[in-house]
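Architecture at a glance
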Amino acid sequence: MTRSARAAIYCAPPATPAQEAMADAQRPGIRRLERMDDLVSLCARRGFVFQSSEIYGGINGFWDYGPLGAELKQNLRALWWQRVVRERPDVEGIDSAIIAHPRTWEASGHVEHFSDPLVDCRACKRRFRADQLDDAGACPAGGDHDFTPVRKFNLMLRTHIGAAEDVGSVAYLRAETCQPIFNDMKRVREAARQPIPFGIAQIGKAFRNEINPRNFTFRSREFEQAELEYFVHPSEREKWFDHWLEERLRFHRETGLDPEHLRTRPHAPTELAHYARAAVDIEYRFPFGWHEIEGVHDRGDWDLRRHGEYSGKDLGVTDPETKEHYLPMVIETSVGVDRSCLALLCDAWREEALEGGETRIVMGFAPRLAPIKVAVLPLSKKLAEPAEKLAARLRRRWNVFYDDSGNIGRRYRRQDEAGTPWCVTIDFETASDGKVTVRDRDSMAQERIGLDAVEAWVAARLEPA
Ligand code: GAP
């Protein structure tokens, strides 16, 4: 069976505990996210993510993560780094500069090929991507249209280095995080003494001057990528492509995304990027349709060959046994951190009908990714001493929220919206029986456990052996 046929028939594996919790969310009385507006307003109100430079009216295509969003993103990065770098003796992590030598982007093909087709509408004075206009050619802004001929618009964001703003000082903010990896490959391989196959990974910002940023953070002008470039012998390309596609699907399931909301889509030869010989997208079912969150690409020898030609350096490797000298082929996995976060936010959102006609919004994140792991809620300010002590102890290991004001029901609701898996309530009995109440976000069940047992209780659920 060919690689693309295998990818196309991917079907959902058995559910993990996090996904079983998600399946619970399909119960009657539960509404999953259908309109992005519901999520966008929650994200702004609770400080997950909101327009950048809001006080100046925002800046299109740029987003800021608040306290909850920054933690969510950090947890996602940490899980990726753990699975892709730390657990793999064959992968090294790096952290490169955002601006590379401008020749990098000539060699990579971005200066020549990295463009979208652009049209201006003379009637409404707006710009559109020609490939996103509908077949009837109507203006997306409505009303009459008067389009200019299509022209190519390069998506790289340019800047100047040094005092003179002339052609010689042009530089680019990186359009993908992988190009510095190719620049550094020889140095990293030698420093880390890695034989082929081996990989180099990094997480960092990328920039694209998108013509129409849209769908909340989905298509932004500044975003983050987590990329792995895995260098293999030419005879092993298929094997490693399949391996990494499987690994990456496993990862997305581990983040708690509903398997029914994940699928793979091989690229047709006509849609392949200029560097790719084969590509499979991992797609998530957003409320606005199925869209790519990650690409797995066979980049062949495109990058090392071109950087070798443009730099004049030999980027080949020599097999220590056979003495064969060859250019390794590259298998790439490239996930958008912001897009994955958006998928996590969409998947987590649910509205539940409660008894008495009330509703609650719950962000049902997998506990490992939840921004806050535990909320410590003393029933009265008079219970501050044991409550603060407990919070301080838990804070050494996890992000903990402390809230001693307002009615306890309202405090629980606020934590449901933040996606906090467990709330620990300290009450007036705690002093006499040494126990606290742990309330579960999803089932709302309450359990009484020893104050001294809380840390181990949480650890057993967050970090099972
Ligand atoms: N190095 C290969 C590469 O950059 P890509 O398919 O252009 O491939 C990889 O991008 C991932 O980066 C996408 O799957 C997506 O998650 C993310 N991404 C790309 N453009 C983006 C944008 N404008 N806004 C947010 N994320 C984006």
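Right above here is the structure, for reference.
Here is what the cut-offs are and how they apply
- Per-chain numbering applies: the sequence of each chain, read as written, is numbered from 1 onward.
- Reporting of local features is limited, given that this is a predicted model, to residues whose pLDDT is at least 70; pairs of side-chain atoms are given and counted only at 80 or more, and all residues count toward the totals for whole chains, interfaces and linings.
- As a convention, hydrogens and water are excluded, and side-chain values are obtained from all of the structure's heavy atoms.
- We define a nonpolar core as any set of buried Ala, Val, Leu, Ile, Met, Phe, Trp, Tyr and Cys residues linked to one another through side-chain atoms lying within 4.5 Å.
- Only protein chains enter the accessibility calculation, which uses a 1.4 Å probe; a residue is then buried when its area is under 20% of its type maximum, exposed when over 50%, and partly exposed in between.
- What makes two residues a contact is simply this: any of their non-hydrogen atoms within 4.5 Å.
- We define a salt bridge as a side-chain nitrogen of Lys or Arg found within 4 Å of a carboxyl oxygen belonging to Asp or Glu.
- Secondary structure is summarised from DSSP: a helix means a run of H or I of at least four residues, a strand means a run of E of at least two, and numbering begins at the N terminus for each.
- By this rule, a helix spans an expected 1.5 Å times one less than how many residues it contains.
- Convention adopted: a line fitted to C-alpha atoms gives each axis, helices being fitted over their contacting stretch, and angles between N-to-C directions are expressed from 0 to 180 degrees.
- For classification purposes, an angle smaller than 35 degrees is called roughly parallel, one larger than 145 roughly antiparallel, one from 65 to 115 roughly perpendicular, and anything else oblique.
- Residues were grouped as follows: Ala, Val, Leu, Ile, Met, Phe, Trp, Tyr, Cys and Pro as nonpolar; Asp, Glu, Lys and Arg as charged; and all remaining residues, including Gly, as polar.

1. Some details on the nonpolar core
For soluble globular proteins, nonpolar side chains are generally found buried alongside one another. Within the largest apolar cluster, 56 residues are counted, with the highest numbers of intra-cluster contacts made by Leu-39, Phe-48, Trp-80, Leu-345 and Met-363. When near neighbours in sequence (up to four residues on either side) are disregarded, Trp-80 contacts Val-85, Ala-201, Gln-202, Ile-203, Ala-226, Glu-227, Leu-228, Arg-248, Phe-251 and Val-335. Among the nonpolar cores identified, the runner-up in size contains 21 residues, and Leu-394, Leu-451, Val-454 and Ala-459 belong to it.

2. Considerations on the pattern of salt bridges
According to the stated counting rule, one finds 50 salt bridges in the structure shown. Put simply, Lys-73 and Glu-224 hold a salt bridge, and the shortest N to O gap is 3.6 Å. Here Lys-73, found in helix 4 (residues 67-86), pairs with Glu-224, found in strand 11 (residues 222-232); they are 151 residues apart in sequence, far enough to count as distant. The burial state of Lys-73 is the same as that of Glu-224; both residues are buried. Connected through salt bridges with shared partners, the residues Arg-350, Glu-352, Arg-360, Arg-413, Asp-416, Arg-439, Arg-441 and Asp-442 form a single ionic network.

3. Details of unusual backbone geometry
A cis geometry characterises the amide bond from Ile-196 onward to Pro-197, with omega recorded as 5 degrees. Along the chain, Pro-197 falls in the loop between helix 7 (179-192) and strand 10 (198-207). Positive phi values are uncommon outside glycine, yet Arg-193 reaches one of about 50 degrees. Structurally, Arg-193 is set in the loop between helix 7 and strand 10. On the basis of relative accessible area, Arg-193 is assigned to the exposed category, the value being 74%. Phi at Asn-215 takes a positive value of approximately 55 degrees, unusual for a residue other than glycine. Mapped onto the elements of the fold, Asn-215 is located in the loop between strand 10 and strand 11.

4. Examining the environment of Gln-446
Inspection of the secondary structure assignment puts Gln-446 in strand 24 (residues 446-450). When the C-alpha atoms of Gln-446 and Leu-394 are compared, they prove to be 19 Å apart, with 52 residues separating the residues in sequence. Setting aside chain neighbours within four positions, we find Gln-446 in contact with Tyr-412, Thr-437, Val-438 and Arg-439.

5. A look at helix 10 (residues 337-348)
Over its 12 residues, helix 10 extends 16 Å from the first C-alpha to the last, a length consistent with the 16 Å expected when each residue adds 1.5 Å. A large share of helix 10 lies buried, amounting to 12 of its 12 residues.

6. Details of the packing of helix 3 (residues 36-46) against helix 10
Helix 10 packs onto helix 3 with a crossing angle of 105 degrees between their chain directions and a minimal axis gap of 10 Å. Relative to helix 10, the element helix 3 is oriented roughly perpendicular. Here helix 3 contributes Met-36, Leu-39 and Cys-43 to the contact with helix 10, which in turn contributes Leu-342, Leu-345 and Cys-346. Here the residues of the contact of helix 3 with helix 10 sort into six nonpolar, no polar and no charged.

Nothing here speaks to function; it is geometry throughout.
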